[in-house]
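# Structural overview
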Amino acid sequence: MFSPVCKERVWGGSSLDKMVNCKNPGQGPIGEAWIVSDHPEGKTRIMNGAFSGRFLSEIKQTHQTWFSPFPMAKFPLLVKLLDAADDLSVQVHPDDAYAITHEHDGSGKTECWYIIDAKPGSEIILGHTAKDRSEFIELAQAQRWNDLLVRVPVKAGDFFFIPSGSIHALGKGILLLEVQQNSDTTYRIYDYDRAGLDGRKRALHIEKAFDVIDFTQSNDHPKPRIVYEDTIERTVFISCEYFTVEKWTINSMHIFAPLEVFLLIYIVSGNGHLLYEDGLLHLSKGLSIMIPANMGKYRIEGSIEAIACHI
Ligand code: ZN
């Protein structure tokens, strides 16, 4: 179990306090809860067991085999909850090659979103209508955002894959779980001309954004693959070079085989127990846990809907 790092954001809402106990230490609303993170901008601590109070990087040094059969330079994933009471800036993230050359972050940012809740009429921006780079720049410079940006209606249970280079923005009224590469590099191209928490407009990064935008991308999205087993329904949303993300629906009990790599699980709804060789953990909505690699067999009992991800 992890204790989240809570982040004040100009666009944040009020749900993360209830969900994961994110109390606001400052003035502004809480927009993000980093629920499993080993990023320098916000490291989550382990909350239970022998390693209570430690960071993932500390465990990774002493228990390398809990993570992966291969040495990992840094923890590869970052899992967040985002609560948007207002529209987020329109943005893009670099790929690994660009981030390594131009940033200190060391990796690019491919991400994905699982929508936990959305008010009626909620939308995200994902993709653009330009046929090439010059048309994109022309429409952006003319501030013709409605012509350039593709709006997609969303509802609870939807999933979106956002590879690096994709133009995207979270819209107001949406609460989601984000699984991403362990990076915090964002290039804003449009911020609705509004002021940030300090009363000034937030910086835009137009030149870098134009360097990394995928101008040729199609607006097709990967289709989820549903696997029905006796005791579990798995919806595999995405399996890419950075992560696999799936939804589990368990109604009474399911026994899991060991994985070669660590697994992160976020409980979306329901109640139950995780039973493993060394003990038992109560599972409830909002909890995030890590199953170490090669932990042996374990089982989940109860009625649970969860998002699971691994490298
Ligand atoms: Zn993003």
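Residues numbered from 1 in each chain as written. Predicted model: local features only at pLDDT ≥ 70, side-chain atom pairs only at ≥ 80, totals over all residues. Heavy atoms only, no water.

### Things to note about the packing of aromatic side chains
Two aromatic rings, taken as a pair, are described by how far apart their centres are and by the angle between their planes. Inspection of every chain in the model, using the stated rule, returns 14 aromatic pairs. For the pair Phe67 and Phe262, a centre-to-centre distance of 5.8 Å together with 65° between the ring planes defines the contact as edge-to-face. One end of the pair, Phe67, is in the loop between helix H2 (56–62) and strand S7 (77–84); the other, Phe262, is in the loop between strand S19 (253–256) and strand S20 (263–276), and 195 residues separate them in sequence. Classification of Phe67 as buried rests on a relative accessible area of 0%. Ring-pair connections join several aromatic residues into one group, and the members of that group are Phe67, Phe75 and Phe262. A cation sits over an aromatic face here: Lys7 above Trp34, 4.5 Å from the ring centre. Looking at Lys43, its charged tip hangs above the ring of Phe55, at a distance of 5.8 Å from the centre. (Phe/Tyr/Trp six-rings, centres within 6.5 Å; stacked < 30°, edge-to-face > 60°. Helix = DSSP H or I, 4+ residues; strand = E, 2+ residues; numbered from the N terminus. Buried < 20%, exposed > 50% of the residue type's maximum accessible area, 1.4 Å probe, protein only. Lys NZ or Arg CZ within 6 Å of the ring centre and 35° of its normal.)

### Remarks on the nonpolar core
The biggest cluster of nonpolar side chains holds 38 residues, and the ones touching the most others in it are Leu16, Leu81, Leu177, Phe243, Val245 and Leu264. When residues in this core are grouped by element, the largest group, four residues, is from strand S3 (residues 30–36). Residues from two domains meet in this core; each of domain 1 (2–212) and domain 2 (225–310) gives at least three. Ignoring sequence-local partners within four residues, the contact set of Leu81 consists of Leu16, Met19, Val20, Gly31, Glu32, Ala33, Ile35, Ile116, Leu176, Leu177 and Tyr266. (Core = buried A, V, L, I, M, F, W, Y, C linked by side-chain atoms within 4.5 Å. Domains from an automatic or database assignment. Contact = heavy atoms within 4.5 Å.)

### What about the domain arrangement of the protein chain?
Many authors give the size of an interface as the accessible area that is lost as the parts come together. Partitioning the protein chain into structural domains gives domain 1 (2–212) and domain 2 (225–310). The C-alpha-based centres of domain 1 and domain 2 are spaced at 23 Å. Facing 31 residues of domain 1, the contacting portion of domain 2 comprises 25 residues. Carbon and sulfur atoms supply 77% of the area buried between domain 1 and domain 2, which totals about 2,300 Å² over both sides. When the area that domain 1 buries against domain 2 is broken down by residue, the three leading residues are Leu77, Tyr114 and Phe159, summing to 23%. The tally of links from domain 1 across to domain 2 stands at zero salt bridges. Applying the counting rule to domain 1 against domain 2 returns four residue pairs in polar contact (both at pLDDT 80 or more). Of all the secondary structure elements, the ones that give two or more residues to the side of domain 1 that touches domain 2 are helix H1 (15–20), S3, S7, strand S9 (111–118), strand S12 (159–162) and strand S14 (174–181). (Buried area = accessible area lost by both parts, 1.4 Å probe. Salt bridge = Lys/Arg side-chain N within 4 Å of Asp/Glu carboxyl O. Polar contact = N/O pair within 3.5 Å; in protein donor to acceptor, adjacent residues only side chain to side chain.)

### Thoughts on the pattern of salt bridges
Throughout the structure, instances matching the rule amount to 13 salt bridges. Among the salt bridges present, the one from Asp38 reaches Lys43, with a minimum N-O distance of 3.9 Å. A relative accessible area of 30% places Lys43 in the partly exposed class. Taking the shortest distance from any N to any O, the salt bridge between Arg234 and Glu229 comes out at 3.0 Å. Owing to a relative accessible area of 36%, Glu229 belongs among the partly exposed residues under this scheme. Put simply, Arg9, Glu32, Lys80 and Glu178 are held in one network by salt bridges that share partners.

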